[in-house]
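# Observations on the model geometry
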Amino acid sequence: MRKLIFATCLLFASVAIAQQTHKEYEPPTEAGAGQKLLAQYSGDWDMTKTFFPATGTPVVTKGTCKQYMIQDGKFLQSDFTFFNADGTKSTGTGISGFDAKTNKFTTVWYDSEKTSMSIRQSDGTFDGKTIILWATSLDPDRPGHKSVARAHLEDNGHTLVHRHYSIDDKGNERLVLEWRMTKK
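This text gives an overview of the structure that appears in the document. All figures in this text were calculated on a predicted structure; none of them were measured in a lab.

## Section: unusual backbone geometry
- Positive phi is not limited to glycine here, since Asp72 has a value of about 55 degrees.
- Positive phi, close to 55 degrees, is recorded for Asn156, a residue that is not glycine.
- Topologically, Asn156 is positioned in the loop between strand 8 (147-154) and strand 9 (159-167).
- On the accessibility criterion, Asn156 (87% relative accessible area) is exposed.

## Concerning the packing of aromatic side chains
- Across all of its chains, the model carries 8 aromatic pairs by this definition.
- Summarising the aromatic geometry, the rings of Phe80 and Phe82 are spaced 5.8 Å apart at their centres and angled 5 degrees between planes, so their arrangement reads as stacked.
- For Phe80, a relative accessible area of 5% puts it in the buried group.
- Taking the relative accessible area as the measure of exposure, Phe82 reaches 4% and is therefore buried.
- Taking the centre distance of 6.1 Å and the plane angle of 45 degrees together, the rings of Phe82 and Trp179 count as tilted. Taken together, the residues span a long stretch of sequence, with Phe82 in strand 3 (residues 75-83) and Trp179 in strand 10 (residues 173-183) at a distance of 97 residues.
- One aromatic cluster in this structure is built from Phe80, Phe82, Trp109 and Trp179.
- Its end group placed over the ring of Phe82, Lys49 keeps NZ or CZ at 4.4 Å from the ring centre.

## With respect to the pairing of strand 9
- Among the 9 residues of strand 9, 7 are classified as buried, and the element is accordingly described as predominantly covered.
- Here 8 bridges tie strand 8 to strand 9, and the two strands are oriented antiparallel to one another. Bridged to Arg150 within strand 9 is Arg163.
- Remark: 4 residues form the turn of the hairpin made by strand 8 and strand 9, two consecutive strands paired antiparallel; Asp155 in that turn has positive phi of roughly 50 degrees.
- Sheet analysis places strand 9 next to strand 10, joined by 9 bridges and oriented antiparallel. Note on strand 10: the bridge partner recorded for Val161 is Arg180.
- The antiparallel hairpin formed by strand 9 and strand 10 contains 5 residues in its connecting segment, where Gly171 sits at a positive phi of about 90 degrees.

## Let's talk about the pattern of salt bridges
- Tallied over the entire structure, the rule returns 7 salt bridges.
- Close ionic contact of Asp46 with Lys184 constitutes a salt bridge, the shortest N to O distance being 3.7 Å. Taken together, the residues Asp46 in strand 1 (residues 43-51) and Lys184 in the segment after strand 10 connect sequence positions 138 residues apart.
- Two residues, Arg180 and Glu178, come together in a salt bridge whose shortest N-O distance is 3.8 Å.
- For Glu178, a relative accessible area of 14% puts it in the buried group.
- Through salt bridges with shared partners, a single ionic network connects Glu154, Arg163, Glu178 and Arg180.

## Quick word on the pairing of strand 8
- Here 4 bridges tie strand 7 (residues 131-136) to strand 8, and the two strands are oriented antiparallel to one another. Bridge pairing links Ile132 to Arg150 in strand 8.

## Side note on helix 2 (residues 33-40)
- When helix 2 is considered as a whole, its buried residues turn out to be Gly34, Gln35, Leu37 and Leu38. Each buried residue of helix 2 sits inside an arc of 160 degrees when the element is viewed along its axis, so together they form one side.

Calculation rules
Residues numbered from 1 in each chain as written. Predicted model: local features only at pLDDT ≥ 70, side-chain atom pairs only at ≥ 80, totals over all residues. Heavy atoms only, no water. Helix = DSSP H or I, 4+ residues; strand = E, 2+ residues; numbered from the N terminus. Buried < 20%, exposed > 50% of the residue type's maximum accessible area, 1.4 Å probe, protein only. Phe/Tyr/Trp six-rings, centres within 6.5 Å; stacked < 30°, edge-to-face > 60°. Lys NZ or Arg CZ within 6 Å of the ring centre and 35° of its normal. Pairing = 2+ DSSP bridges. Salt bridge = Lys/Arg side-chain N within 4 Å of Asp/Glu carboxyl O. Arc of directions from axis to C-beta.

As structure tokens, this is what we get:
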């Protein structure tokens, strides 16, 4: 009977330690400077998406976007609707967050055009105004193409400009995509 009581006490003690250890391992964090900038992106937006092919005429698509903070103000969710030239619509969703511990932004994107997701992450530098995100491969065996995206507000927060650049082997950047969003 003593062994049973001792084993039961050990079990309860280990459960209590495991709970404490988890909170120590993953302590809750508060919103910081990155969340303050992301919150400025909240709202309803009209947008123009321009794709710049390597050769030829740029392709312009109109759309709308609703952006709002989720998870107690810790993440920005962006819901896009694109109005295609053929009369169809496509959609996309982005989730953006900022980790004050690492000073890094991370974004995840998925849309109705493909079955893959993309992820981008900053390098830990943040000037309080511009979000700079580098493509991050989810498959280490296929790193994909090098690219960087930069987003910033203009016109006292009334315009959000988001640009994607492809980077060649020499480090030269070429503008591939621009989203110019105007707050409604």
